[in-house]
Amino acid sequence: MKKFSKYILLFVAAIAITSCDEYLDVQPKGKVIPETLQDYRGLITQAYIGYPRHKAITAVRTDELLVEADAGSEIPLYQDIYTWKDANADPRTLDFPYSNLYNVIFYSNIIINEASGKLANSPEKDQLIGEAYALRAMAYFDLVNLFGKPYNAATAGSDKGVPLALKVDLEQSYPTQSVETIYNQVVSDMQEAENLLTLNTQTKGLNYRFSKVAIYSLESRIYLYMQKWQNSLDAANKALAINNNLVDLKATPVLATKFDSKESILALELGYDRALKMISYASNDLISAYNRTTDLRFSLYFAADGSNFEIIKGSNEDQKCSIRTSELYLTKAETSLKLNNLADAKTTILTFVKNRYTAAGFTQLESDIAAMNATDLTTFILAERQRELAVEGHRWNDLRRTTQKQIIHTYAGQNFTLSQNDPRYTMPLPRNARLNNPNL
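Residues numbered from 1 in each chain as written. Predicted model: local features only at pLDDT ≥ 70, side-chain atom pairs only at ≥ 80, totals over all residues. Heavy atoms only, no water.

Turning to the overall build of the chain, a few remarks are in order. A tally of regular secondary structure across the chain gives 18 helices and ten strands. A compact globule built from 440 residues should have a C-alpha radius of gyration of about 22 Å, and the chain, at 22 Å, falls within 12% of that. Counting every position in the chain, which comprises 440 residues, the buried fraction comes to 57%. Put simply, of all contacts in the chain between residues at least 6 apart along the chain, 71% involve residues at least 24 apart. Carbon and sulfur atoms make up 48% of the accessible area of the chain, which amounts to about 18,100 Å² in all. The chain carries 47 positive and 50 negative side-chain charges, and their two centres are separated by 1 Å. (Helix = DSSP H or I, 4+ residues; strand = E, 2+ residues; numbered from the N terminus. Rg over C-alpha atoms; globule rule 2.2 N^0.38 Å. Buried < 20%, exposed > 50% of the residue type's maximum accessible area, 1.4 Å probe, protein only. Contact = heavy atoms within 4.5 Å. Areas by Shrake-Rupley, 256 points an atom, 1.4 Å probe, with all protein chains shown as cover. Lys, Arg positive; Asp, Glu negative; His and termini not counted. Charge placed at Lys NZ, Arg CZ, Asp CG, Glu CD.)

As structure tokens, this is what we get:
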């Protein structure tokens, strides 16, 4: 493996000609060779800071948003995403963050490959390297879910994923790997992170960093997508053993997405941003998912604006929320049901919804849920995911991994349709990436 000093020389030269990484279309920045724990902590902080805000862009493709054609100057950034025009899109269209995620991987690779040999053994060193493995796992997980097909055990070995780079080598061209290969690497990195991370939780203000509860939670999400139900349930239970707090909206009517919420586990990303907020409203599909009388989330998430509803949730910096405990309860309920534990699934979802509905609403739900069979309960749990996790960046992947339902967007007087099981549920790699790497 090349020495890090050579990497830096290559990076500085590459930055000067603005094409430092032709195979991944990445332009990492670095001028100082890390030597100390503090140096490497600074490096991983850059990776955290650079983690892209792509979840708001995926929301544009879902059934969550209504985008108006005459809403403002930001429209050209989103209109072809909203109408699923992936081929020959307007040049102004926002790219999904391929290179940004590889920048995060680049920083993680330096720490994983270099820090272990340079730093003296200590819990702080283990925590640092564990965070690097966790970040790399999350970045590859996001990449393969943006640009690869949903995980299917029967076809993952042949389904096209993304390139895999585990060390920094600007001279190598990396071909696309299968979905299975990428997921295997994600699982391996998660296991390394789990073994190395020393902090059960992070203090408020530092909870953008990974901890044991965060890696268990990420494992639960990833195994859910892989349909490894027992693994997902086990990981959710490990996370809940550390933090099982839920905000009771009857007693405390506040957004549970805030970084200082007792539900917060990893406060790294915004699921909805201000630029998008200026041109979009909640869709009719999203609004109709709530009981406006008994669901306490409705007035917290939305505010009437004429005939539309503005989305309050998710657009402020204090609402950075990558993982929180609500997701764990919903995953636990879903996986328990998949494992034929109907009673456990009902108990778990009741524990959750008790904190989200009025007393009268919960009493009715208790009766309704008691009468549900497995099919009805599955529908209810997925609907609760839609309601609870609205505009947090989950919806696109939830649709991809479940029904891949038909969605119709009306834009500038025309209807645009994403058909059920439409190939556009998998997005093509960005044009710049394909131009820079003919192997993609």
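The subject of this paragraph is the environment of Lys-320. Of note, Lys-320 is situated in the loop between strand 7 (308-311) and strand 8 (323-324). In this view, Lys-320 contacts Arg-53, Thr-257, Phe-259, Ala-267, Leu-268, Glu-269 and Leu-270; residues no more than four positions away in its chain are not counted.

In this section: helix 9 (residues 229-242). If you check helix 9, its first and last C-alpha atoms are 20 Å apart, about what 14 residues at 1.5 Å a residue would give, namely 20 Å. Three or more residues of helix 9 are buried, namely Trp-229, Ser-232, Leu-233, Ala-235, Ala-236, Ala-239 and Leu-240. For helix 9, the angular spread of buried residues about the axis comes to 165°, placing them on one side. (Expected span 1.5 Å × (residues − 1). Arc of directions from axis to C-beta.)

It is worth spelling out the packing of helix 14 (residues 342-353) against helix 16 (residues 374-388) at this point. The interhelical angle for the contact between helix 14 and helix 16, taken along N-to-C directions, is 30°, at an axis separation of 11 Å. Looking at the two axes, helix 14 sits roughly parallel to helix 16. Viewed along their axes, helix 14 and helix 16 form a crossing whose handedness is left-handed. Facing Leu-342, Ala-345, Lys-346, Ile-349, Phe-352 and Val-353 of helix 14, the residues of helix 16 in contact are Ala-374, Leu-377, Phe-380, Ile-381, Glu-384 and Glu-388. Residues that form the contact of helix 14 with helix 16 fall into these classes: nine nonpolar, no polar and three charged. (Axes fitted to C-alpha atoms, helices over the stretch in contact; angles between N-to-C directions. Parallel < 35°, antiparallel > 145°, perpendicular 65-115°, else oblique. Left-handed = near helix turned anticlockwise from the far one by under 90°. Nonpolar A, V, L, I, M, F, W, Y, C, P; charged D, E, K, R; others polar.)

Let us look at unusual backbone geometry. Phi at Ala-412 is positive, roughly 50°, even though this residue is not glycine. With respect to the helices and strands, Ala-412 occurs in the loop between strand 9 (407-411) and strand 10 (414-418). A relative accessible area of 56% places Ala-412 in the exposed class.

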